[in-house]
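Next come the chains, spelled out residue by residue.
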Amino acid sequence: MSHQPVVATKMSGEMDKPLISRHLLDSDGSLAEVPSEAPKVGILGSGDFARSLAARLVSSGFSVVVGSRNPKRTAGLFPSAAQVTFQADAVESPDVIFVAMFREHYSSLCGLSDQLAGKILVDVSNPTEQEHLRHHESNAEYLASLFPTCTVVKAFNVISAWTLQSGPRDGNRQVPMCSDQPEAKRTVSEVVRAMGFMPVDMGSLASAREVEAMPLRLLPGWKVPALLALGLFTFFYVYNFIRDVLQPYVRDGKSKFYKLPVSVVNTTLPCVAYVLLSLVYLPGVLAAALQLRRGTKYRRFPDWLDHWLQHRKQLGLLSFLCAALHALYSFCLPLGRVNRYEVVNLAIKQVLANKSHLWIEEEVWRMEIYLSLGVLALGTLSLLAVTSLPSIANSLNWREFSFVQSTLGFVALVLSTLHTLTYGWTRAFEDSHYKFYLPPTFTLTLLVPCVVILAKALFLLPCFSRRLSRIRRGWEKDGAAKFMLPMDHALAQKTSHV
């Protein structure tokens, strides 16, 4: 069975078609040769990643030769268009060879030193977290020390086997790579682009340890926002517990501990969501105030503000999560046994009091408006969460993305504020709602959002908005715009502009 290969240089624009045809994946177990005109690459290894890599390379128009210690047994696992042979034979003709094996097996290749001389070795391995801490050198550097006559390039370690199979559209397109030889990086970059990915130059091979640490990180940008959300949840949960459960028990002897699983949680979640949403837009207000005070945008923000600005997306998504959970808990409240008992008790009291109805017009309107504002706020917040996804954000131009995230985001904050005010109504002015002399919970949540809304309104005044617009267009208060970059390149990378 033979297949006409696709030229690698033409594949970068054809990623919309299926990655691998069915007949390409079904191997007949033969060691058939592939037409020699296709660019040839080698693979040392026969694991899951090696098989996915071979399939991707074949579909990208490359002639793939796989080196295995037992080619007869592993040939059926690879596409029939790939040649599976012994390791010594696999490294003869290709100039680029992917080393798809674990670090402890590198030494088994030392017998191939003469055949590998002058070749480009692409190290795709990843250490475990314990191995990364135990070894002071990266896997790529260790491989380079074993084969000093070869050029080692670190690449593809952040790409999973699933991404190779399904295509870069469903995974991360970026492929960080590093090497001491620019020409070798250029050659591997061409292979990366032909496979539909985007190469990212990380510098010399000394950066390989950093590149290998990337897959070991568990949501690095979420640590601080998650801890902040957890801290807010703990604070408001304890606060609501004291007011709604502990105070009735201490003062009147009423046991309301049944509120802990649902009611107190449902009261806490909107507080966390509301405060987190306000914290998304508070750093922008602080940055604008700082730029107005300095009269320039070319001075970097303090580290704490810069990091805060970089975590706004995570804060917004956590706010949406808490708001969505609040909506679900609210829908579940009428289903609880407690709510049924309260309805029956209320009916009995109404009958005993000989009252025909308990209709209070003000309360009815308040609840209707309160619920409507909450639905609108959650819907707007959902739109923010959806547009923050890379697949959606990439389809929007900058003006559209800025309108959704900035303008509609501020609308969501205003709707949430109105939702909270309608819920509170006049409770902040009634002594009966100050339990243990503690103010109602909603009054605490209003502090930060009201500051953000008032500051935003203040910046809309012409005296501030015009000056801020000029500063962000490059004007400086001394009359001379100085387009100077920081001396330290790393310092320049940390600079944020709002």
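In this report, we go over the structure that sits alongside the text. (Residues numbered from 1 in each chain as written. Predicted model: local features only at pLDDT ≥ 70, side-chain atom pairs only at ≥ 80, totals over all residues. Heavy atoms only, no water.)

1. Let's talk about the packing of aromatic side chains
The final tally for this structure, using the stated rule, is 12 aromatic pairs. Relative to Phe 156, the ring of Phe 98 lies with its centre 5.8 Å away and its plane at 70°, an arrangement referred to as edge-to-face. With Phe 98 in strand 4 (residues 96–99) and Phe 156 in the loop between strand 6 (151–154) and helix 8 (161–166), the pair connects residues that are 58 residues apart, well separated along the chain. Its relative accessible area of 1% is what places Phe 98 among the buried residues. (Phe/Tyr/Trp six-rings, centres within 6.5 Å; stacked < 30°, edge-to-face > 60°. Helix = DSSP H or I, 4+ residues; strand = E, 2+ residues; numbered from the N terminus. Buried < 20%, exposed > 50% of the residue type's maximum accessible area, 1.4 Å probe, protein only.)

2. Thoughts on the sheet that holds strand 3 (residues 83–86)
The strand order across the open sheet formed by 6 strands is 3-2-1-4-5-6, and the pairing between neighbours is parallel. Edge positions in the sheet fall to strand 3 and strand 6, since each has one partner strand and no second. On average, each strand axis in the sheet is tilted by 25° relative to the strand beside it, whichever way the strands run. For strand 1 (residues 40–44) and strand 2 (residues 63–68), the ladder comprises 5 bridges, and the chain directions are parallel. Bridge assignment links Ile 43 to a residue of strand 2, and that residue is Val 66. The strands touched by helix 2 (residues 48–59) within the sheet are strand 1, strand 2 and strand 4, with strand 1 carrying the most contacts at an inclination of about 175°. (Pairing = 2+ DSSP bridges. Axes fitted to C-alpha atoms, helices over the stretch in contact; angles between N-to-C directions. Contact = heavy atoms within 4.5 Å.)

3. Things to note about a nonpolar patch on the surface
Judged by side-chain polarity, Tyr 249, Val 250, Phe 257 and Phe 436 come together as a nonpolar surface patch covering roughly 380 Å² of accessible area. In this fold, Phe 436 is placed in the loop between helix 18 (398–424) and helix 19 (441–445). (Patch = residues over 30% accessible without salt bridge, like charges linked within 9 Å, V, L, I, M, F, W, Y side chains within 5 Å. Areas by Shrake-Rupley, 256 points an atom, 1.4 Å probe, with all protein chains shown as cover. Salt bridge = Lys/Arg side-chain N within 4 Å of Asp/Glu carboxyl O.)

4. Topic: the packing of helix 18 against helix 20 (residues 447–459)
Here helix 18 crosses helix 20 at 130°, and the two axes come no closer than 11 Å. Put simply, helix 18 runs oblique to helix 20. The crossing of helix 18 and helix 20 is left-handed. Counted together, Phe 410, Leu 413, Val 414 and Thr 417 of helix 18 and Pro 449, Val 452, Ile 453 and Lys 456 of helix 20 form the full contact between these two elements. When grouped by side-chain class, the residues that make up the contact of helix 18 with helix 20 number 6 nonpolar, 1 polar and 1 charged. (Parallel < 35°, antiparallel > 145°, perpendicular 65-115°, else oblique. Left-handed = near helix turned anticlockwise from the far one by under 90°. Nonpolar A, V, L, I, M, F, W, Y, C, P; charged D, E, K, R; others polar.)

5. Quick notes on the packing of helix 12 (residues 263–294) against helix 13 (residues 303–310)
One way to put it is that helix 12 packs onto helix 13 with a least axis distance of 9 Å and a crossing angle of 135°. On the basis of the axis angle, helix 12 is oblique to helix 13. Both helix 12 and helix 13 take part in a crossing whose hand is left-handed. For the pair helix 12 and helix 13, contact is made by Leu 279, Leu 282, Pro 283, Gly 284, Leu 286, Ala 287 and Leu 290 and by Trp 304, Leu 305, Trp 308 and Leu 309, respectively. Here the contact of helix 12 with helix 13 is composed, by residue class, of 10 nonpolar, 1 polar and no charged.

6. A closer look at the environment of Ala 393
One can find Ala 393 in helix 17 (residues 390–393). According to the relative accessible area criterion, Ala 393 is buried, its value standing at 19%. Not counting residues within four places of it along the chain, the set of residues in contact with Ala 393 comprises Thr 387 and Phe 401.

7. Points about helix 11 (residues 223–252)
Over its 30 residues, helix 11 runs 42 Å from end to end, which matches the ideal 44 Å to within 8%, given 1.5 Å per residue. Along helix 11, the largest kink reaches about 40° and is centred on Leu 246; proline Pro 248 follows within four residues of it. Residues of helix 11 that are buried: Pro 225, Ala 229, Leu 232, Phe 236, Tyr 239, Asn 240, Arg 243, Asp 244, Val 245, Gln 247 and Pro 248. The elements touched by buried residues of helix 11 are helix 12, helix 14 (312–332) and helix 19. (Expected span 1.5 Å × (residues − 1). Bend = angle between axes of the 7 residues up to and from the residue.)

8. Examining the nonpolar core
Residues Leu 232, Leu 276, Leu 279 and Leu 384 are the most contacted members of the largest nonpolar core, which totals 37 residues. The set of elements that each furnish at least two residues to this core consists of helix 11, helix 12, helix 14, helix 16 (361–387), helix 18, helix 20 and helix 21 (462–472). Per-element tally for this core: the top contributor is helix 12, with 16 residues. Listed in part, the 36 residues of the second largest apolar core include Phe 62, Phe 78, Leu 164 and Val 191. (Core = buried A, V, L, I, M, F, W, Y, C linked by side-chain atoms within 4.5 Å.)

9. Some thoughts on the side chain of Glu 476
For Glu 476, the position within the fold is in the loop between helix 21 and helix 22 (489–493). A polar side-chain atom of Glu 476 sits 2.7 Å from a polar atom in the side chain of Thr 296. (Polar contact = N/O pair within 3.5 Å; in protein donor to acceptor, adjacent residues only side chain to side chain.)

10. With respect to a positive patch on the surface
Taken together, Arg 293, Arg 299, Arg 467, Arg 470 and Lys 477 make up a surface patch of like positive charges. Here Arg 299 lies in the loop between helix 12 and helix 13. (Lys, Arg positive; Asp, Glu negative; His and termini not counted. Charge placed at Lys NZ, Arg CZ, Asp CG, Glu CD.)

The values are spatial; any link to function lies outside them.
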